[in-house]
Amino acid sequence: MDGSNDLNIFRLAQTLSQPEFTAKCPWFFIVGRSPLTRPAGPRPTIVAGMMQVQDLLDTGPSDKPLAYRTIATKDPFSLDSPTLALAIRKVRPMFPFMITLGRTTNNDMVLPDITISKFHAYFRVNGEEVDLTDAGSRNGSYVGDQKLVPNGTPTRLVPGSVVRFGPHSFELVTSAECWARLRALAGLPSTDEPSSPG
């Protein structure tokens, strides 16, 4: 798992029953399949869907900047992409009233990808209510097909809401639904009924 905390959510889903999992991990989750392109050190956020790659073509006189070309990134919805499960929970002391998401480790939810801003978006959870706000990110945050206004009014999410950060899509799920999905990925039953003797 990449992301928000030190818990191994995948292992817990495989070893705990659904009630045990939801007791230990009582948060909402965002779950999705997306390839990550990790940054190699500090760098600006890359525009989603394209990467700037230094092209070492002859640029003419030395006072002209090096030319750049763009290449398409991998398909973000490819079936061979890794599954990511990120708990929407507060783990860092900064900004105590928001659960931050970004590419750097000082966020509560870390999505280490070059298209994700250092501080991309934030969640607020109040009981069963989950709100999402874009934090002025370069590649935007979306709920469904609606782009969120940077630093605008929070958008209310419900289980099943599809959210996107740059090119990375996720679905908001409850703890119980996260458990069922991760067990299905591992080929395990997603029921708590005892298995019948052979």
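Not measured: the values here are computed from a predicted model.

Rules of the game
Residues numbered from 1 in each chain as written. Predicted model: local features only at pLDDT ≥ 70, side-chain atom pairs only at ≥ 80, totals over all residues. Heavy atoms only, no water. Pairing = 2+ DSSP bridges. Helix = DSSP H or I, 4+ residues; strand = E, 2+ residues; numbered from the N terminus. Contact = heavy atoms within 4.5 Å. Axes fitted to C-alpha atoms, helices over the stretch in contact; angles between N-to-C directions. Buried < 20%, exposed > 50% of the residue type's maximum accessible area, 1.4 Å probe, protein only.

Participant: Explain the sheet that holds strand S9 (residues 141-143) to me, please; I cannot follow it from the model alone.
Facilitator: By definition, the strands of a sheet pair up through backbone hydrogen bonds, in either a parallel or an antiparallel sense. Taken in spatial order, the six strands line up as S4-S1-S13-S12-S9-S10 in an open sheet, and their pairing is antiparallel. Either end of the sheet is taken by a strand with one partner, and the two such strands are strand S4 (83-88) and strand S10 (146-147). Those strands touched by helix H3 (residues 175-185) are strand S1 (28-33), S4 and strand S13 (168-173), and its axis lies near 120° from that of S13.

Participant: Can you walk me through the pairing of strand S12 (residues 162-165) in this structure?
Facilitator: Within a regular strand, the side chains alternate between the two sheet faces. Only one face of S12 is covered, namely the face carrying Val163 and Phe165; the face carrying Val162 and Arg164 is uncovered. Sheet topology note: the S9/S12 ladder contains three bridges and is antiparallel. Bridge pairing links Ser141 to Phe165 in S12. Bridge analysis of S12 against S13 gives four bridges, and the strand direction is antiparallel. In the sheet register, Val162 faces S13, and the bridge partner there is Glu171.

Participant: Just to check I follow, could you spell out the environment of Ala135 for this structure?
Facilitator: With respect to the secondary-structure elements, Ala135 resides in the loop between strand S8 (129-134) and S9. In contact with Ala135, other than residues within four places in its own chain, are Phe119, His120, Ala121, Tyr122 and Asn151.

Participant: What is the right way to read the side chain of Thr133 from this model?
Facilitator: Within the element layout of this structure, Thr133 appears in strand S8. Classification of Thr133 by relative accessible area gives buried; the value is 3%. When near neighbours in sequence (up to four residues on either side) are disregarded, Thr133 contacts Ala121, Tyr122, Leu148, Asn151, Gly152 and Pro154.

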